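Commentary on secondary and tertiary structure
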Amino acid sequence: MTTTLRPDGPEERLADGGRARTYEVCVNSRPVGRIVLATDRRLGPAAGRIADLRIDERDRHRGRGTVAALAAEEVLRGWGCRRIELDVPAGAGPALRLAAALGYTEYSRRMHKELTTPPELPEGSVDRPLGAAEFPDWLATAHAEYVETKAAHGVPRERAERAAAEDHRRLLPDGPASAGQSVRVLAHEGTDVGTVWTAKDAFGRPGGYVLAVRVAPEHRGRGHGRTLMLVAERESLAAGRAVLRLNVFTDNVPACGLYDSLGYRPAEHSLQKPLL
């Protein structure tokens, strides 16, 4: 039997040069599922994405998904892509095993934690809102760190610069007083040591969201990152959000360890593979 991809509708061309198309997964011309391919809006046209892959239940466990994923690589190579990505829910064990067998590796994960009681901060630590006069310096640092992090993970620097400016302008139109946003400063024994930015219902997902955590370089390694996360949990609960979400790159080993120790659990894994 031969498994192939058959276009299901015209290709969509995006304003930023991206493209997307839906295909039927067929076995001897019989449809058995569907797959949606697209270029990655964050990384540009050189990065492709399997946006969705579904095999009909009666045709599962027969290697259809494996062949469809391999065929998707050929399509994306034809589009000029040099990298392919996909997101897999944490509970989808078969999909994670298939991705691993095909050579995908995890590069980031989305995590979440259910909140109940506002945590107490360690003795000597207090938090306060970021002041309007402090905002320009904070924003400049947040912008620079956003760009460096994205560039280090494959986003072209020009795109990272543009995305940082757009995100900050959209989410913080009124600075630290912007609706639905919270930027807090942590002080320990009278000295400011870091900041945490949280939002509610960010990226279309219900619940609080940690957008940026920063400990000043000279104060790192003293547990202030953990305290800032406690501040984020308090802010989320104060905003009426009993779930707090975040995204972490898996090469940031200290951050992954911190979130694990605080009880955050993976909700979705982002995987990638080079297209040679």
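Residues numbered from 1 in each chain as written. Predicted model: local features only at pLDDT ≥ 70, side-chain atom pairs only at ≥ 80, totals over all residues. Heavy atoms only, no water.

**Comments concerning the packing of aromatic side chains**
Put simply, the rule is: For this analysis, a ring pair means two rings from Phe, Tyr or Trp (six-membered ring only for Trp) whose centres lie within 6.5 Å, classed as stacked if their planes differ by under 30 degrees, edge-to-face if by over 60, and tilted for the remaining angles. In this description a helix means any DSSP run of H or I spanning at least four residues, a strand means any run of E spanning at least two, and both kinds are numbered starting from the N terminus. Relative accessibility under 20% of the residue-type maximum defines a buried residue, over 50% an exposed one, and the middle range a partly exposed one, all with a 1.4 Å probe and only protein chains included.
If you walk through the whole model with that rule in mind, you get three aromatic pairs. Seen from their ring centres, tryptophan 138 and tryptophan 197 are 5.6 Å apart, and the 80 degrees between their planes marks the pair as edge-to-face. With tryptophan 138 in helix α3 (residues 135-152) and tryptophan 197 in strand β10 (residues 191-200), this residue pair connects regions lying 59 residues apart in the sequence. The burial state of tryptophan 138 is the same as that of tryptophan 197; both residues are buried.

**Examining helix α4 (residues 157-171)**
Just so we agree on the cut-off: How far a helix is expected to stretch is found by multiplying one less than its residue total by 1.5 Å. As used here, the arc is the angular range of directions from the helix axis to the C-beta atoms. Residue contacts are counted whenever heavy atoms from the two residues lie within 4.5 Å of one another.
Look at α4: 21 Å from first C-alpha to last across 15 residues, which is about the 21 Å you get at 1.5 Å a residue. When we look at burial in α4, the residues that qualify are Arg159, Ala160, Ala164, Asp167, His168 and Leu171. Buried residues along α4 cover an arc of 150 degrees about the axis, so they all sit on one side. For α4, exposure combined with an orientation more than 90 degrees from the buried face picks out Glu158, Arg169 and Arg170. The inward-facing, buried residues of α4 contact β5 (44-55), α3, β9 (181-188), β10 and β11 (208-215).

**Observations regarding the environment of alanine 72**
Take alanine 72: it is sitting in helix α1 (residues 64-78). Residue classification places alanine 72 among the buried residues on the basis of a relative accessible area of 0%. Once the C-alpha coordinates of alanine 72 and phenylalanine 135 are considered, the two residues, 63 residues apart in sequence, prove to be 45 Å apart. With residues near it in sequence (within four places) discarded, alanine 72 still touches Leu5, Ile35, Leu37 and Ile50.

**Here's the deal with helix α5 (residues 224-238)**
It helps to recall that an α-helix has 3.6 residues per turn; residues three or four apart then point in one direction. Along its 15 residues, α5 runs 21 Å from first to last C-alpha, staying within 8% of the 21 Å computed at 1.5 Å per residue. Within the sequence span of α5, burial applies to His224, Gly225, Thr227, Leu228, Met229, Leu230, Val231, Ala232, Glu233 and Ser236. The positive-phi residue at the C-terminal boundary of α5 is glycine 240, with phi of around 80 degrees.

**Quick word on the side chain of glutamate 233**
The cut-off we apply is this: Two N or O atoms count as a polar contact when they lie within 3.5 Å, although within protein this holds only if one can serve as hydrogen donor and the other as acceptor, and sequence-adjacent residues are included solely when both atoms are side-chain atoms.
Mapped onto the fold, glutamate 233 is located in helix α5. You can call glutamate 233 buried: its relative accessible area is 5%. Polar side-chain contacts of glutamate 233 include one of 3.0 Å to the side chain of lysine 113. Aside from chain neighbours lying at most four places away, what touches glutamate 233 is Lys113, Leu115, Pro119, Leu244 and Tyr264.

**Section: the side chain of arginine 159**
Tracing the sequence through the fold places arginine 159 in helix α4. When near neighbours in sequence (up to four residues on either side) are disregarded, arginine 159 contacts Asp16, Arg41, Arg42, Leu43, Gly44 and Pro45.

**What about the pairing of β9?**
Each regular strand shows side chains that alternate between the opposite faces of the sheet. Condition: At least two DSSP bridges between two strands are needed for those strands to be called paired.
With seven of eight residues buried, β9 is to be regarded as a mostly interior element. Where strand β8 (residues 125-129) lies against β9, five bridges are found, and the strand directions are antiparallel. Residue pairing across strands places proline 129 opposite arginine 184, the latter belonging to β9. Sheet analysis places β9 next to β10, joined by eight bridges and oriented antiparallel.

**So, the pattern of salt bridges**
Going by this rule: Each salt bridge in this description consists of a side-chain nitrogen of Lys or Arg and a carboxyl oxygen of Asp or Glu lying within 4 Å of one another.
With the rule as written, the count across this model stands at 29 salt bridges. Its salt-bridge partner being aspartate 40, residue arginine 49 comes within 3.1 Å of it at the nearest N-O pair. One network of salt bridges, in which partners are shared, links Asp40, Arg49, Arg83, Glu85, Asp87, Arg110 and Glu268.

**Digging into the packing of α3 against α4**
What counts, and what does not: Interaxial angles span 0 to 180 degrees and are taken between N-to-C directions of axes, which are lines fitted to C-alpha atoms, for helices over the stretch in contact. We call two directions roughly parallel when the angle between them is under 35 degrees, roughly antiparallel when it is over 145, roughly perpendicular when it lies between 65 and 115, and oblique otherwise. Two helices cross in a left-handed way if the nearer one is turned anticlockwise from the farther one by less than a right angle. They cross in a right-handed way if the turn is clockwise. Each residue receives one of three labels: charged for Asp, Glu, Lys and Arg, nonpolar for Ala, Val, Leu, Ile, Met, Phe, Trp, Tyr, Cys and Pro, and polar for the others, Gly being one of them.
Where α3 meets α4, the axes come as close as 9 Å, and the angle between the chain directions of the two elements is 140 degrees. Considering their axes alone, α3 and α4 lie oblique with respect to each other. Where α3 crosses over α4, the two elements pack in a sense that is right-handed. Facing α3, whose interface residues are Leu139, Ala142, His143, Tyr146, Val147, Glu148, Lys150 and Ala151, α4 presents Arg157, Ala160, Glu161, Ala163, Ala164, Ala165, Asp167 and His168. Its residues placed into classes, the contact of α3 with α4 shows nine nonpolar, two polar and five charged.

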